[in-house]
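The primary structure of each chain is shown beneath.
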Amino acid sequence: MSGRIAVVTGAGSGIGRAVARTMLKAGYRVALAGRREAALTETAAWRGAIPSNALVVPTDVTVEAEVDALFDRVVQEWGRVDVLFNNAGAFGPAVSAADISLDDWERTLAVNVTGAMLCARGAMRVMRAQDPQGGRIINNGSISAQAPRPLSVAYAVSKHALTGLTRSIDLDGRPFRISCGQIDIGNTRTEIMDELGVGSGALQADGSRRVEPTFDVEAAARTVLFMADLPAEANIGALTVTASGMPFGGRG
């Protein structure tokens, strides 16, 4: 896969950072997008990366002009986009559907839905115009797209919406050899798991709290790389990877 061009959003931490570094190690040239330039630079400075293969582009995915500038910059530097890992996201407030404020609702959907759409749109416009035509978009969903946690209405709805975006992209991209798939990940060892209390006791549907198992974020990154590396004639439309033994199948 040496020389292929990828864009990774939310590349400054967590799953985005792990995926960016895994793709750099595999020989991709990777544009790292996110709001915090220092964090992106830290991702790019990883010891296994070839400096010229990492492009830091500070981007707020909720701002249309910044997303358009991201893809313009990648094309200017490297000429094309082969893969987009649409990863930037926000968990949103831990609040009941009865109590969520409109501002919190809109902020969460702005990142997780509108931001994902803007990035996918930017990637598709490049992919359909380049020679050879085509590319792959991988959306980072969540197991919350299948079974929400309590008090996560904005996040859960946004991830269900992302599934619709994934399917629409894959359908609309067919004439241009653009495929799209979604990975739903549960309980990688990242900062957001600490916020949810997974290691100390995450809220369950029955109101109890339970320490949940986690798994190494590198395993999730390798799974994204596997999806990215598929030949153009193959696509994984939906894939779920979770920590073994986590309360997912029995949620609710």
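Not measured: the values here are computed from a predicted model.

The rules behind each value
- Residues numbered from 1 in each chain as written.
- Predicted model: local features only at pLDDT ≥ 70, side-chain atom pairs only at ≥ 80, totals over all residues.
- Heavy atoms only, no water.
- Helix = DSSP H or I, 4+ residues; strand = E, 2+ residues; numbered from the N terminus.
- Rg over C-alpha atoms; globule rule 2.2 N^0.38 Å.
- Buried < 20%, exposed > 50% of the residue type's maximum accessible area, 1.4 Å probe, protein only.
- Contact = heavy atoms within 4.5 Å.
- Areas by Shrake-Rupley, 256 points an atom, 1.4 Å probe, with all protein chains shown as cover.
- Lys, Arg positive; Asp, Glu negative; His and termini not counted.
- Charge placed at Lys NZ, Arg CZ, Asp CG, Glu CD.
- Pairing = 2+ DSSP bridges.
- Axes fitted to C-alpha atoms, helices over the stretch in contact; angles between N-to-C directions.
- Phe/Tyr/Trp six-rings, centres within 6.5 Å; stacked < 30°, edge-to-face > 60°.
- Expected span 1.5 Å × (residues − 1).
- Arc of directions from axis to C-beta.
- Salt bridge = Lys/Arg side-chain N within 4 Å of Asp/Glu carboxyl O.

(A) Broad picture of the overall build of the protein. Helix and strand counts for the protein come out as seven helices and nine strands. For the protein, the C-alpha radius of gyration of 17 Å lies close to 18 Å, the compact-globule estimate for 252 residues. Considered along the principal axes of its C-alpha atoms, the protein spans approximately 55 × 35 × 35 Å. Out of the 252 residues belonging to the protein, those deemed buried represent 52%. Partitioning the contacts of the protein with sequence separation of at least 6, the portion at a separation of at least 24 is 71%. A total of about 11,400 Å² of accessible surface is found on the protein, and carbon and sulfur atoms cover 51% of it. In the protein, the 25 positive side-chain charges and the 26 negative ones have mean positions that sit 5 Å from each other.

(B) Broad picture of the environment of Ala145. Mapped onto the elements of the fold, Ala145 is located in the loop between β5 (135-140) and α5 (153-172). Here Ala145 falls in the buried class, since its relative accessible area comes to 11%. Setting aside anything within four residues of it in sequence, one finds Ala145 in contact with Lys159, His160, Thr163, Gln182 and Asp184.

(C) Representation of the sheet that holds strand β3 (residues 54-58) within the structure. Read from one edge of the open sheet, seven strands run β3-β2-β1-β4-β5-β6-β9, paired in parallel fashion. One side of each edge strand has no neighbouring strand; the edge strands of this open sheet are β3 and β9 (238-242). The average undirected angle you get between the axes of adjacent strands in this sheet is 15°. Across four bridges, strand β4 (residues 83-86) lies against β5 in parallel orientation.

(D) Layout of the packing of aromatic side chains. Counted according to the given criterion, the structure contains one aromatic pair. Between Phe91 and Tyr155, the aromatic rings sit 4.5 Å apart at their centres with planes inclined by 40°, giving tilted as the arrangement. With Phe91 in the loop between β4 and α4 (102-129) and Tyr155 in helix α5, this residue pair connects regions lying 64 residues apart in the sequence. No difference in accessibility class separates Phe91 from Tyr155, as the two residues are buried.

(E) Expanded view of helix α3 (residues 64-78). Counted at 1.5 Å a residue, the expected span for α3 with its 15 residues is 21 Å, and the 21 Å between its end C-alpha atoms agrees. For α3, the set of buried residues is Val67, Leu70, Phe71, Val74 and Trp78. Considered in projection along α3, the buried side chains sweep an arc of 85° and stay on one side of the axis. When the buried face of α3 is taken as reference, the exposed residues oriented beyond 90 degrees from it are Ala65, Asp72 and Gln76. Where α3 is buried, its residues contact β1 (5-9), β2 (29-34), β3, β4 and α4. Residue Gly79 follows α3 closely and has a positive phi angle near 90°.

(F) How the structure looks around the pattern of salt bridges. Following the criterion strictly, the structure yields seven salt bridges and no others. The closest approach of N and O atoms between Glu42 and Arg17, which form a salt bridge, is 3.6 Å. With Glu42 in helix α2 (residues 37-44) and Arg17 in helix α1 (residues 14-25), this residue pair connects regions lying 25 residues apart in the sequence. On the basis of relative accessible area, Glu42 is assigned to the partly exposed category, the value being 48%. On the accessibility criterion, Arg17 (16% relative accessible area) is buried. For Arg73, the salt bridge is made with Glu77, and the minimal N-O distance between the two is 3.4 Å. With Arg73 and Glu77 both in helix α3 and four residues apart, the pair spans about one turn of that helix.

(G) A look at unusual backbone geometry. Between Asp131 and Pro132 the backbone carries a cis peptide bond, its omega angle lying at 0°. Non-glycine residue Leu151 carries a positive phi angle of around 55°. Tracing the chain through its elements places Leu151 in the loop between β5 and α5. Residue classification places Leu151 among the partly exposed positions, given a relative accessible area of 37%. One non-glycine residue with positive phi stands out, namely Arg177, at about 60°.

The analysis is restricted to geometry; functional conclusions fall outside its scope.
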